[in-house]
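# Working through the structure, step by step
So you can see what is in the structure, the chains are spelled out below.
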Amino acid sequence: MDYREHEVLKFINENFPNLELEIQNLSLFPFGKRIIDINGYEIFVYYCPFADSVKTIFPNVAEVKSPS
């Protein structure tokens, strides 16, 4: 396994422990993973070669509502 893929998976395991998630490969981004939670929200996690670190994108952020 490439170290960058390892870093992406490590990030997912550290930040989403014990959660019911579906993890799919996301070839649009380097070593990208698409994470879908039980509510259908998505997070894209990938390795950015320019920053040399793991980055995230929240495509549904406009739909997320803060608790009242």
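Shown above is the structure to which this text applies.
These remarks concern the structure in this document. Not measured: the values here are computed from a predicted model.

Definitions and limits used
Residues numbered from 1 in each chain as written. Predicted model: local features only at pLDDT ≥ 70, side-chain atom pairs only at ≥ 80, totals over all residues. Heavy atoms only, no water. Helix = DSSP H or I, 4+ residues; strand = E, 2+ residues; numbered from the N terminus. Buried < 20%, exposed > 50% of the residue type's maximum accessible area, 1.4 Å probe, protein only. Contact = heavy atoms within 4.5 Å. Areas by Shrake-Rupley, 256 points an atom, 1.4 Å probe, with all protein chains shown as cover. Salt bridge = Lys/Arg side-chain N within 4 Å of Asp/Glu carboxyl O. Polar contact = N/O pair within 3.5 Å; in protein donor to acceptor, adjacent residues only side chain to side chain. Pairing = 2+ DSSP bridges.

### Considerations on the overall build of the protein chain
Each helix and strand in the protein chain was counted, giving one helix and four strands. In the protein chain, the succession of α and β elements from N to C terminus is α-β-β-β-β. Residues counted as buried form 24% of the 68 residues belonging to the protein chain. Here the contacts in the protein chain between residues at least 6 apart in sequence split such that 22% fall between residues at least 24 apart. Within the structure as shown, the protein chain displays about 5,100 Å² of accessible surface, and the carbon and sulfur contribution to it stands at 52%.

### Some words on the pattern of salt bridges
Per the counting criterion, the structure on display carries three salt bridges. When the shortest N-O distance is used, the salt bridge between R4 and D2 registers 2.8 Å. Residue E42 pairs with R34 through a salt bridge whose shortest N-O separation is 2.3 Å.

### Re the environment of E42
Mapped onto the secondary structure, E42 falls in strand β3 (residues 42–48). Accessibility expressed as a relative area gives 16% for E42, which makes it buried. Between the C-alpha atom of E42 and that of I57, which follows or precedes it by 15 residues, the distance is 8.7 Å. Polar contacts involving the side chain of E42 include one to the side chain of R34, which spans 2.3 Å.

### A few points about the pairing of strand β1 (residues 21–26)
Strand direction decides the pairing type here: β1 and strand β2 (residues 32–37), joined by six bridges, are antiparallel. For Q24, the partnering residue across the bridge sits in β2 and is R34. Hairpin connection of β1 to β2: five residues between the antiparallel strands, including F31 at a positive phi of 55°.

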